[in-house]
Every structure is written in C-alpha cells, then in structure tokens.
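So the chains spell out like this:
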Amino acid sequence: MLTKTKTPAVYKDTKTNHFIYRYTIIENGKRTPKQKTFDTYQDAKTFKARQETKTTLKQTLKSTITLNEACKLHIIRAKENQTLKPNTIYGYEIIINKIKNHPIGKMQVSDIKPSDIEDFIYSFRQTNPDLKATTLVRYRQFLGVVFKQLYIDGDILTNPIDRVAQPKDTTKKFEITPWTLEECNKAFECLNNYHNQNVKTAVYLGIFSGLRRGEICGLKWENIDFDKNILTISETRYKIGGKVVDDTPKSQNSFRTITMQSQLSTVLKETYFKQSIITLKNGKNIARKTKPIYVICNYNTLEPISPTTLCKHFDTFIEKNKLRKIRFHDLRHTCGTLLCQAELPIKDISNYLGHGSIRTTENFYIHYKNPLNQKASEAMQNLFDTQQGKSP
C-alpha cells in the first residue's frame, strides 16, 4: 500500500518501507509514466529534484540553451548515472565555474564557434604564462564531452570542438627527481631511529612497491597477506574540496597485487605490531576497535590520515635529516628508475607501478636505461671495428 509523503509524487510503500517517486517523461510527443524505488526518503527527494532540473533544462535545450546550462545538465547526468569518479566531477565543477565567469558561458551553444572556444582556453595563459598544457587540455576535453552530447542529442548541427587543436605545451618540460640507490640507503638509516612510524612505513612502500600516496593512505591490513608475502592495491584516498574520500584506484591497471620484498615485509610487521600494542592499551578509547585497520593512521585514534598530512610529515623528515629534498611522489619515481637501472623490461615495470599504459612508463623512465643504451652503442662500434679490421 502506498501512502503520500510531504513531497508531491513521492510515496511510501508501507509493506517494504521503500519510497517511490512517480513521474512522466515526454519523448517524441508521447507521454510515458515512470517510477523509481529508493531505500530512503532523502534519496527519493534528491532524485526528484534532479529529474525536475533535468526536465527544465531539456525544455530549454530545444530553444536557447547556453553553455552554462549545457554543462550543468552534463554534471546532473553524470551524478545520476554514476559514470564519473567524485574527483573527476569535482574537477569538472571547477571548469564549469571558470566557464560561468567567462563570456562564453552566456553564449547559446548553437552560436559558439571554434574561435570562441580557443579564446576561452587560451585566456588563462594571458594571466598565467606558465600554465601547463595539461590543464588546458582538460578544459578542451571537458568541452569536447559536453559538445559531443549536444551533437548526439541533435541540439547542434556540427561539433565546434572538432576544429579546435590540442593545446601545445610551451612550458619547461617536467623532470622527475628520484633518489639514487645511495640516497635511499641513507634515508633507510635515518628512518631506523625516526619517531614517526608512518613516515618509515610510507617511504618503504613508496620505494619498494612504487605505490602512489593515495594508495598508501588507503592501504588496509586486510590487503596484506604475510603468509603469502603479497599486498593488494584495491583502494585509494584523496582530498577533494577539503574532504578526504575513499575510492577505487586511479585506473583498472592500478588494481594489482605485489610480492613484498623482505625489507618491506619486516617494516610492515613492525608497524602492525606497534599498532596492535596501541589497540590493546587504549582499545576502549579507540572507537571500540579490536585490531588495526589502516596501515597509515593516526596513532592516537588509529583513524586513517589524509595524503596531504602524510606528505607534510615526509617533508619534515627530509628537513630534519638534511636529505636531498624531493616530493613524496618522487619515491614512486625512485622505484621506477631503480627498476629500469636493474634492466627490468618496461612492460613489467608498467604493470608493477599500475600505469594506465606502457607509454606513460616509457615517458618517465626510458632514458634511465643507460646500460642498455651503452650496450647498443658498443655493439654498433664493434661491428664497424670488425669490418675495418678485415679491410686490406
């Protein structure tokens, strides 16, 4: 039996305690009744609000929709269909805000020309000449998705983004600054007596396993099997809009299982032991935890920490021990370069680091394969030396 709620068109099923939203869609002049079931009243209200907003925008689309409105509709669809990660949506909302504050945002999509899009994209280089091309590429990429959908829906006759070239990078090429093997060993020595166990654990995970900072902060003890000597990356933590969220890894290739080296396994066992002692001593005051959950955590509460906090602790460690300053992410690059210098195939390094494609690995590390380049050079020289030796 359905009973009315305070929200029109939202009903409660008294048998299942579910909430039902009833609405009508109009396609090609035909009205079709629809209904959707939700576990909570709030979920039903939220969907109703989105549906009504989408309906209003669709009606506008057929007349004078602006780019601002088209972008807003795209985000509504993405949230409704759950096709994008929260950090992607957050990034898109930042771009939408820039579009809103630019004249192009108020233009009707049918009137926008490729030159208008280029003016928008490159206007940011006027105020920031050092702005990276990757940032401008993201702006173009987002607009490409929006205009593609408008074209599919029949709201524009041609897609102007097709005639907008990819922004070129005019800034200085980024260079990674990994530690050498000697610098790694020096860092390990300093960590032996360092007071912050999180830093010690994170440095070992970064250098030996090449984990990203979000993967390190999202790593749980249930993802580590000491008997099989493996760890599995299946979660990550990152900060968006001032909030720390848990999510799946960056790409499908980022889901991976890594065999632990003896040095890393020893440090992780040491970390688990220290957390277990804290749990036993203060178990009643740590949210009723019976065992540690996160590998990197606040040692007072055993709650996970944000990647930003971990990076700050790492910077403090470097400064106090007068080590060569690198970014925390350069620990991952250190792992990649050391594997290259060990002459491991690029494809294996790519899989180990969880890169989305082997090209990413090549761009970062191929020039570190100096021993291979030297062998090729020597082989070429030997060929000509041999030939010249045979000449009369």
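Please refer to the structure higher up on the page.
None of these values were measured; they are calculated from a predicted model. (Residues numbered from 1 in each chain as written. Predicted model: local features only at pLDDT ≥ 70, side-chain atom pairs only at ≥ 80, totals over all residues. Heavy atoms only, no water.)

## Some details on the packing of aromatic side chains
This is how it is decided: Only Phe, Tyr and Trp rings take part, Trp by its six-membered ring, and two of them pair if their centres are within 6.5 Å. Stacked means planes under 30 degrees apart, edge-to-face means over 60, and tilted covers everything else. Here a helix means four or more residues in a row that DSSP labels H or I, a strand means two or more in a row labelled E, and each is numbered from the N terminus. Accessibility here uses a 1.4 Å probe with only protein chains present; expressed as a share of the type maximum, an area under 20% marks a residue as buried, one over 50% as exposed, and anything in between as partly exposed. The rule is short: NZ of Lys or CZ of Arg within 6 Å of the ring centre and within 35 degrees of the ring normal puts a charge over the ring.
One pass over the full model with this rule turns up 17 aromatic pairs. Geometrically, the ring pair formed by Tyr21 and Phe47 is edge-to-face, given 5.9 Å between the ring centres and 70 degrees between the ring planes. With Tyr21 in strand E3 (residues 18-27) and Phe47 in helix H1 (residues 41-61), this pair connects stretches of sequence that are 26 residues apart. Neither Tyr21 nor Phe47 differs from the other in exposure class; each is buried. Measuring from centroid to centroid gives 6.4 Å for Trp221 and Phe226, while their planes differ by 35 degrees, and the two rings are tilted. Connected via pairs of aromatic rings, a cluster forms that spans Tyr21, Tyr23, Phe38 and Phe47. Just above the ring of Phe47 sits the side chain of Lys36; from NZ or CZ to the centre is 5.6 Å.

## Focus on the sheet that holds strand E5 (residues 224-225)
We count it as follows: Paired strands, as defined in this entry, are two strands with at least two bridges between them according to DSSP.
One open sheet holds the three strands; their spatial order is E5-E6-E9, and the pairing between them is antiparallel. Edge strands, defined here as strands with exactly one partner in the open sheet, are E5 and strand E9 (256-259). Note: strand E6 (residues 230-233) against E9, four bridges, orientation antiparallel. Along E9, the bridge assignment pairs Leu231 with Ile258.

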